[in-house]
Structure formats: C-alpha cells, structure tokens
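# Structure assessment
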Amino acid sequence: MLNQGRQVRQRATSEIAGQYRDSLEPDSRAADVLSRNMAFLSPGTSYALLIRHAERPNFTVLNFRNDTPITEKGLQDSFKLGKRLQGQNLTGLFSSPVHRCQQTCEGIRRGASLNHLNITTRPTLGEPGSYIVNPLVVFTYFLTSDVSVVIRKFIAKGRMSGFMPLKEGSVRIMKDLLADLSGENTRNLYITHDAVLAPFISYFTGQKFGDADWINYLDGAFVAVKDGEVRLLWNGREYFIDRELFA
C-alpha cells in the first residue's frame, strides 16, 4: 500500500502571521491560509495555486444551480485576493466552467492587474470535475445531503457510484498540473470547488476532513515544483509527494 505525501515541515502560524495580510481583511481566513502556505515557497519555484471559488449564496434543493453567482462579498474578496497576488507575477489563469468560479477568477485578475492574461476553462476543475463521471447520480446525492457530507463519504470509501475512483481522479488532476508546470518560473492560478479540492488534498496528504474541518471560500493549496521534487502545501504544512502516488 502506498503512503500519502510525507509531511516534511510545519511552521507555527505565529511565525508568519500578518506577513501577507495587508491587502485583505484582518480577519480573513483566506489571507491567513494563503500566508501559511506561501511561507514555504522559495525563489525559483514553479507552482499551481488551487483555490475554491469565493462566497456564494447557500444552496437548497430549489436553487442548486451551476449558474448561481457569487455574492457581493465574494466579488470584493476576489478582488482583494488579486491585490494580494500582484507581486507573484502569475503566468496563467484557469477556471472551472461554472459561473461562480469564472467570476472569482475575473475578480482576482482585475485585482492583480492581469488583464493581459486570458482565463482558460477546464472541465477537470468543475462541470463535472475530475471525480464525477455520472453527474445525474451525484446530483441525487446533493439533493439529500450537504456537498461536504457526500464528499467526505467519497473520500472515506475511495469509490462511489457516479464517481471516478479517488486515486484516478486525483492523479488526473496532478498530471495536468505538472504538465502545466513543465516550464521554468511558471505560476498558475486555478479556481475550482470544494468537491474537487477536498478529494485531491486528501489523496495526496492523508487529510480526512472531519465534521469540523472543511475548505472555506478562497482557501487554497499549492502544488510546487523545484529541482524535480513535487510538494503540496496545505494549511501551513508542506508535504513531499512521492511520484509513485501519481505513476
């Protein structure tokens, strides 16, 4: 049995608190998470930054729609996050085709003054995403249970009807990211969903996502590549990813 990514470093939040938060609200969890992850990036590192879309209205059975927009707060937070990312010199912008993800990506693009970059949509990031092979079956799950409940169950089992096996879906995303990062000094942003990020992070780190632990709006994880090594940065922890995990 293969082990998940080996955690190699963890930094206390107090070591880096406030370093990257000037352009975001002082109580912004997204700013705190981003700062804890970015503290591990060394000069010359190519990376993919995967972020959940900004705040949207709460879903119910009656309004569960792909064209649901983000809220006004979501629009503002996306722009502020873009301002924070100005110094990163992003080289590519990718988004789930779902409307709220494209809105988030556009807000970040405006905030980061990246109008020279086009936004490319990818179905592996959403609609249906890398893990869903039968959207109708999975949609019935979401009608009766919260998305996080369904995805936690999928993570725990590793496979469910309507889903691609956890390993196959995760490896598919990782290989796409590494292909994008094959050039030097590549720094790409990917806007996706909690239903994509949680299984991906879980497979490569062993994070189980308990009842009190979920991916908030604009939370993000990095896949970083330098000197042939692949690392995943999540929630202030750095994991070395053995290539056997995505062989």
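Residues numbered from 1 in each chain as written. Predicted model: local features only at pLDDT ≥ 70, side-chain atom pairs only at ≥ 80, totals over all residues. Heavy atoms only, no water.

### Considerations on the packing of aromatic side chains
This structure, assessed with the given rule, holds 10 aromatic pairs. Aromatic pair Tyr 47 and Phe 222: ring centres 5.0 Å apart, planes at 85 degrees, arrangement edge-to-face. Residue Tyr 47 is located in strand β2 (residues 46-52), and its partner Phe 222 is located in strand β6 (residues 220-226); the two are separated by 175 residues in the primary sequence. Across this residue pair, the class does not change: Tyr 47 and Phe 222 are buried. (Phe/Tyr/Trp six-rings, centres within 6.5 Å; stacked < 30°, edge-to-face > 60°. Helix = DSSP H or I, 4+ residues; strand = E, 2+ residues; numbered from the N terminus. Buried < 20%, exposed > 50% of the residue type's maximum accessible area, 1.4 Å probe, protein only.)

### Some thoughts on empty space enclosed by the protein
A complete count under the given rule lists one cavity of 30 Å³ or more for this structure. Looking at the largest cavity, its volume works out to about 50 Å³. If you go around the largest cavity, the residues you meet are Arg 122, Thr 124, Leu 125, Ile 173, Asp 176, Leu 177 and Tyr 190. Ranked by residue count, the leading element in the lining of the largest cavity is helix α7 (residues 166-180), at three residues. Here the residues of the lining of the largest cavity sort into four nonpolar, one polar and two charged. (1 Å grid on protein atoms, 1.4 Å probe; cavity = no way out; pocket = protein on both sides within 12 Å on 5 of 7 lines; lining within 4 Å. Points joined across faces, edges and corners; volume = space filled by probe spheres on them. Nonpolar A, V, L, I, M, F, W, Y, C, P; charged D, E, K, R; others polar.)

### What about the confidence of the model for the chain?
Taken over all residues, the pLDDT of the chain has a mean of 85, while the share at 70 or more is 83%. Scored below 50 in pLDDT, residues 9-24 shows 31 contacts in the model against residues more than four places distant or in partner chains. (pLDDT = per-residue confidence, 0-100. Contact = heavy atoms within 4.5 Å.)

### With respect to unusual backbone geometry
Cis rather than trans, the peptide bond between Glu 127 and Pro 128 has omega equal to 10 degrees. Examined against the element boundaries, Pro 128 turns out to sit in the loop between β4 (119-121) and α5 (135-144). Its identity is not glycine, yet Ser 113 carries a phi of approximately 55 degrees, on the positive side. Assignment of secondary structure puts Ser 113 in the loop between α4 (99-111) and β4. With a relative accessible area of 42%, Glu 127 lands in the partly exposed category.

### Description of the nonpolar core
Formed by 44 residues in total, the largest nonpolar core has its most connected members in Phe 163, Phe 200, Phe 204, Val 223 and Phe 246. Counting residues per element, the ones that place at least two in this core are β2, α5, α6 (147-157), α7, α8 (194-205), β6 and β7 (229-234). In terms of residue count, the dominant contributor to this core is α8 (eight residues). Discounting residues that sit within four places of it in the chain, Phe 200 has contacts with Tyr 131, Ser 170, Ile 173, Met 174, Leu 177, Val 223 and Leu 232. (Core = buried A, V, L, I, M, F, W, Y, C linked by side-chain atoms within 4.5 Å.)

### With respect to the environment of Asp 219
Tracing the chain through its elements places Asp 219 in the loop between α8 and β6. The spacing of Asp 219 and Arg 52 is 167 residues in sequence and 5.8 Å in space, taken between C-alpha atoms.

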